Amino acid sequence: MNLLTLTAGAPANGGSCVARGDDGRVVFVRYALPGETVRARVTDQRGSYWHGAAVEILEPSPDRIASLCPIAGADGAGCCDLAFVEPAALRTLKGEVVANQLQRLGGFAWSGAAEPVGTAGATGYRTRVRLEVGPDGRPGFHRYHSAELVTDLRCAQLPAGLACELPVDGVRVGDQLHVVLDDDGVRHVVASGGHRRPRVLEGDYAGTQRVGARRWTLPVTAFWQAHRDAARVYSELVTDWAAIEPGATAWDLYGGAGLFAAALAEGAGPTGQVVSVDTSRAGAKAGRAALADLPQVSFVTDSVRKALPSLTRGATADVAVLDPPRAGAGREIVDLVAAAGVPRVIHIGCEAASFARDIGLYLRHGYTVEQLRVFDAFPLTHHVECVALLTR
């Protein structure tokens, strides 16, 4: 085992800190905090830079605490990679990482800390999780960048009881186990994998999700925010920032089940128009049912890339909300939104680097960042949710 003694430097995107070996080589060290001296195990060697994991803390940071997750760590599950950081200090670190990415990749100066989402706290906030079934027939979490599973399911993100005594009858090796605690307090467990249809092992195939007075009945395998307060917080923010007026047109791109379409439709009113675009047929079906009382909302089941050209042939949108996957929207989509002349854009990103790149693309099209907030939507981990309001 190749061990190095290192002093951790600034936090990097992805949960590591940047350090340098005695030979000047850059080493990205996980499970370390800025300023700490650690003994790290080299886990990957890639030419000019290496990756490592701190296995012994020689000089700890004052922000280090006993891990809040009993199964995470260098030799544990990859679920809570920063569970050893005091939660408020972690939010500061996340802000530093986002600021660095925005400056380096987007050419935009910002400073601040990540904000808590709702009142859930750092543990027990997650209401849905996906596990994999291992060779022994037991579900588990993956170790970091590994096919190996940790079958101890006491992840600190999960509320009590969510992963206890999971039914596994009929599951196969490699199956994905989708476990959801819905807004009615009912647990649903669905297995999917291979060429077999999803099988309900407990509860139902669809669960109930609520934001305000509106109710969605959504397949357990479909996308919904994992943090119990996130859907409400983001919906309220979109409502505020959209500043949409009666009769306006809005696009909800990567709209899923229409969470933001519902928020936009309330402002646009019956004389307005809201178009939600997503590739998920299950999400669109759930959205149409949940928003059936809002005839101004329509759902397009297609990729945003394919749908945008037809949307832009009509009246341009007064506001567009984009909530792309981790890879971001990218140049082609931002170019299309800008070419359509959309004056007000709310852009959401769940990965700091791709979010920063997208922000840089908007800036090159003459947009101005009016507001930008970073949310600690995934406490105990390096993940964030970023939201920007851009105008032109």
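Since the structure is predicted, the reported quantities are computational estimates derived from the model, not experimental observations. (Residues numbered from 1 in each chain as written. Predicted model: local features only at pLDDT ≥ 70, side-chain atom pairs only at ≥ 80, totals over all residues. Heavy atoms only, no water.)

Asks: It is not clear to me how the packing of helix H2 (residues 230-242) against helix H3 (residues 259-268) should be interpreted in this structure. Could you clarify?
Replies: For any two helices packed against each other, one specifies the inter-axial angle together with the distance between the axes. Contact pair H2 / H3: the axes reach a minimum separation of 9 Å and the direction vectors enclose 35°. Judged by the twist between their axes, the crossing of H2 over H3 is right-handed. Along the contact surface, H2 presents Ala-231, Tyr-234, Ser-235, Val-238, Thr-239 and Ala-242, while H3 presents Leu-259, Phe-260, Ala-263 and Leu-264. The residue inventory of the contact of H2 with H3, partitioned by class, reads eight nonpolar, two polar and no charged. (Axes fitted to C-alpha atoms, helices over the stretch in contact; angles between N-to-C directions. Helix = DSSP H or I, 4+ residues; strand = E, 2+ residues; numbered from the N terminus. Left-handed = near helix turned anticlockwise from the far one by under 90°. Contact = heavy atoms within 4.5 Å. Nonpolar A, V, L, I, M, F, W, Y, C, P; charged D, E, K, R; others polar.)

Asks: Explanation requested: the nonpolar core in the structure shown.
Replies: When a protein is soluble and globular, its nonpolar side chains tend to lie buried together. Membership of the largest hydrophobic core comes to 44 residues, with the highest contact counts inside it found for Trp-216, Tyr-234, Leu-264, Val-274, Leu-291, Val-297 and Ile-346. Broken down by secondary-structure element, the contributors of at least two residues to this core are strand E14 (214-219), H2, H3, helix H4 (281-290), strand E17 (297-301), strand E18 (319-322), strand E19 (344-349) and strand E21 (385-391). If you tally residues by element for this core, the top one is H2, at eight residues. In this structure, Ala-329, Leu-361, Tyr-362 and Tyr-367 belong to the second largest nonpolar core, which totals 40 residues. (Core = buried A, V, L, I, M, F, W, Y, C linked by side-chain atoms within 4.5 Å. Buried < 20%, exposed > 50% of the residue type's maximum accessible area, 1.4 Å probe, protein only.)

Asks: Looking at this structure, how should I read the packing of helix H6 (residues 330-339) against helix H7 (residues 352-364)?
Replies: The interhelical angle for the contact between H6 and H7, taken along N-to-C directions, is 35°, at an axis separation of 10 Å. Relative to H7, the crossing made by H6 is right-handed. Residue-level contacts link Gly-330, Arg-331 and Val-334 of H6 to Asp-358, Leu-361 and Tyr-362 of H7. Of the residues that constitute the contact of H6 with H7, the class distribution is three nonpolar, one polar and two charged.

Asks: Please clarify how the packing of aromatic side chains should be interpreted in this entry.
Replies: Enumeration according to the criterion identifies five aromatic pairs in this entry. Over the ring of Tyr-31 we find Arg-30; its NZ or CZ atom is 5.6 Å from the centre of that ring. Positioned over the ring face of Tyr-144 is Arg-30, at 3.6 Å from the centre of the ring. (Phe/Tyr/Trp six-rings, centres within 6.5 Å; stacked < 30°, edge-to-face > 60°. Lys NZ or Arg CZ within 6 Å of the ring centre and 35° of its normal.)

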